[in-house]
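So you can see what is in the structure, the chains are spelled out below.
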Amino acid sequence: MGKIALEEHFNLPEFSDEVPQYVSPEIMKDINRRLLDLGAERLAEMDAAGIDFSLLSLTSPGIQGKIDPKRAVADAARTNDTLAEVVATNPTRFGGFAALPLQDPAAAAAELERCVTQLGFHGALVNGYTNIKDADTGWYYDHERFWTFWERAEALRVPVYLHPRDPLAGNQGIYEGHPELFGAVWTFTVETATHALRLMTSGLFDRFPKLTVILGHLGETLPFNMWRIAHRAAAMGDLIKFDKPLTHYLLNNFYVTTSGNFHTQTLNATMAEMGADRVLYSSDYPYESMREASDWFDNAALNDNDRAKIGHLNARRLFPNIPEGIGHGESAPELGRRSR
Ligand code: MN
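Predicted model only: the values in this text are computed from it and were never measured.

Draft legend 1. Quick look at the sheet that holds strand β9 (residues 254-257). The sheet built from 5 strands is open, its strands ordered β4-β7-β8-β9-β10 with parallel pairing. Each edge of the sheet is formed by a strand with only one pairing partner; in this case those strands are β4 (124-127) and β10 (279-280). The strands touched by helix α9 (residues 246-253) within the sheet are β8 (213-215) and β9, with β9 carrying the most contacts at an inclination of about 65 degrees.

Here you go:
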């Protein structure tokens, strides 16, 4: 089966100094090398993992880490133009998620529209809150200053992938003395789940009910905690700014991917809460191995129907402009070599 993967990262050489030291220096060196490869090695990894199509995104924190709005706007445009060239060289293997300068919400809306209507991108991936003015100040996207951006995403009918980044310095106190808990180990999860809850509880999805947000890592723990969150939120009286039970938004405005969370028990719990139609395959390359992700997914104890939905059918429905012939598993010469 040819899979479609959504959380697959790249970097540009000019931004190499801006990627945090997420893991040990030795492993990070290999990751940084792989982030820059948008050709033969990446395609060979995809072939070996049975991945037909990868939606590429600028690695975290990317444009969200720029403190100067003007530089953010210029860097986002240049990144997206470069990504469009990469996609054009392999249009049956690569698609693009826009990098967006949310330091300037109106500019981000315009850049999203340009990327979707002119560059053929499939949506956007944003790396958590956006810095503004300095590294200690961040804007979260539930604020009304972002309504113009969300309105445009809804009108364009494209999803926005809410990808992790580490918390602001002012929110790191609980981790004092525990640097090993940063990044994908734990801080990403807390940061991103909380950001998603801010979107839900702000009433954003009442204002824009057709908006779609994607979370990686099997939903950053939200599918397993949603009942309790919704149950207790319902008792918050005048603090409630949203119209529906919180579970409604998870089930109607969110998709989750398997990125970096290759565990069948967790996948089963996610499907039990959200249904197989709301789960999408991803690896999280090069922070994770495409082959490890696929060895797990291809052999997990799932029925064939659910495996096809998560592997490619749901992605085809969510991204109707993915080229024909991808994800059907039939012979398609233009797709290149296949391992299975
Ligand atoms: Mn990732």
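Draft legend 2. Highlighting a nonpolar patch on the surface. Residues Val 185, Trp 186 and Val 190 make up a contiguous nonpolar surface patch of roughly 260 Å² in combined accessible area. Here Trp 186 shows up in the loop between β7 (160-163) and α6 (187-201). Owing to a relative accessible area of 39%, Trp 186 belongs among the partly exposed residues under this scheme.

Draft legend 3. Broad picture of the pairing of strand β6 (residues 134-139). Relative to β6, strand β5 (residues 130-132) is paired through 3 bridges, and the arrangement is antiparallel. Each bridged residue has a counterpart across the sheet, and for Ile 132 the counterpart in β6 is Asp 134. In this antiparallel pair of consecutive strands, β5 and β6, the connection spans 1 residue, and Lys 133 shows a positive phi of 75 degrees.

Draft legend 4. The arrangement of unusual backbone geometry in detail. The omega torsion of the bond from Ser 60 to Pro 61 falls at 0 degrees, within 30 degrees of zero and hence cis. Within the fold, Pro 61 resides in the loop between β2 (51-58) and α3 (69-89). With phi around 55 degrees, His 217 is a residue other than glycine that occupies positive phi space. One can find His 217 in the loop between β8 and α8 (222-233). Overall, His 217 belongs to the buried group, its relative accessible area being 16%. Of note, Leu 218 is a non-glycine position whose phi angle comes to about 55 degrees, a positive value. Along the chain, Leu 218 turns up in the loop between β8 and α8. Using a relative accessible area of 0% as the deciding quantity, one classes Leu 218 as buried.

Draft legend 5. Representation of the pattern of salt bridges in the model. Under the criterion given, the structure shown has 21 salt bridges. Glu 18 serves as the salt-bridge partner of Lys 66, at 2.7 Å between the closest nitrogen and oxygen. Residue Lys 66 is located in the loop between β2 and α3, and its partner Glu 18 is located in the loop between β1 (3-10) and α1 (25-36); the two are separated by 48 residues in the primary sequence. Residue classification places Lys 66 among the buried residues on the basis of a relative accessible area of 3%. For Arg 33, the salt bridge identified is with Glu 41, shortest N-O distance 2.8 Å. Accessibility expressed as a relative area gives 41% for Arg 33, which makes it partly exposed.

Draft legend 6. View of the packing of helix α2 (residues 40-49) against helix α11 (residues 290-299). Put simply, α2 and α11 touch, their axes get as near as 9 Å, and they point 15 degrees apart. Between α2 and α11, the crossing angle belongs to the class labelled roughly parallel. Judged by the sense of rotation from one axis to the other, the crossing of α2 with α11 is right-handed. Contact with α2, carried on its side by Arg 42, Glu 45, Met 46, Ala 48 and Ala 49, involves Met 290, Arg 291, Ser 294 and Asp 298 of α11 and no other residues of that element. For the contact of α2 with α11, the per-class residue count stands at 4 nonpolar, 1 polar and 4 charged.

Draft legend 7. Seen up close, the side chain of Glu 220. Inspection of the secondary structure puts Glu 220 in the loop between β8 and α8. No salt bridge is formed by the buried Glu 220. Its closest oppositely charged neighbour is Arg 165, at 13 Å. Excluding its chain neighbours within four sequence positions, the residues that come into contact with Glu 220 are Pro 164, Phe 188, Thr 189, Thr 192, Ala 193 and Leu 215.

Draft legend 8. Fine view of the sheet that holds β2. The 3 strands lie next to each other as β1-β2-β3, forming an open sheet whose pairing is parallel. What marks the edges here is a single partner per strand, and that holds for β1 and β3 (94-96). Recorded for the sheet is a direction-independent mean angle of 30 degrees between the axes of neighbouring strands.

Criteria and thresholds
Residues numbered from 1 in each chain as written. Predicted model: local features only at pLDDT ≥ 70, side-chain atom pairs only at ≥ 80, totals over all residues. Heavy atoms only, no water. Pairing = 2+ DSSP bridges. Helix = DSSP H or I, 4+ residues; strand = E, 2+ residues; numbered from the N terminus. Contact = heavy atoms within 4.5 Å. Axes fitted to C-alpha atoms, helices over the stretch in contact; angles between N-to-C directions. Patch = residues over 30% accessible without salt bridge, like charges linked within 9 Å, V, L, I, M, F, W, Y side chains within 5 Å. Areas by Shrake-Rupley, 256 points an atom, 1.4 Å probe, with all protein chains shown as cover. Salt bridge = Lys/Arg side-chain N within 4 Å of Asp/Glu carboxyl O. Buried < 20%, exposed > 50% of the residue type's maximum accessible area, 1.4 Å probe, protein only. Parallel < 35°, antiparallel > 145°, perpendicular 65-115°, else oblique. Left-handed = near helix turned anticlockwise from the far one by under 90°. Nonpolar A, V, L, I, M, F, W, Y, C, P; charged D, E, K, R; others polar. Lys, Arg positive; Asp, Glu negative; His and termini not counted.

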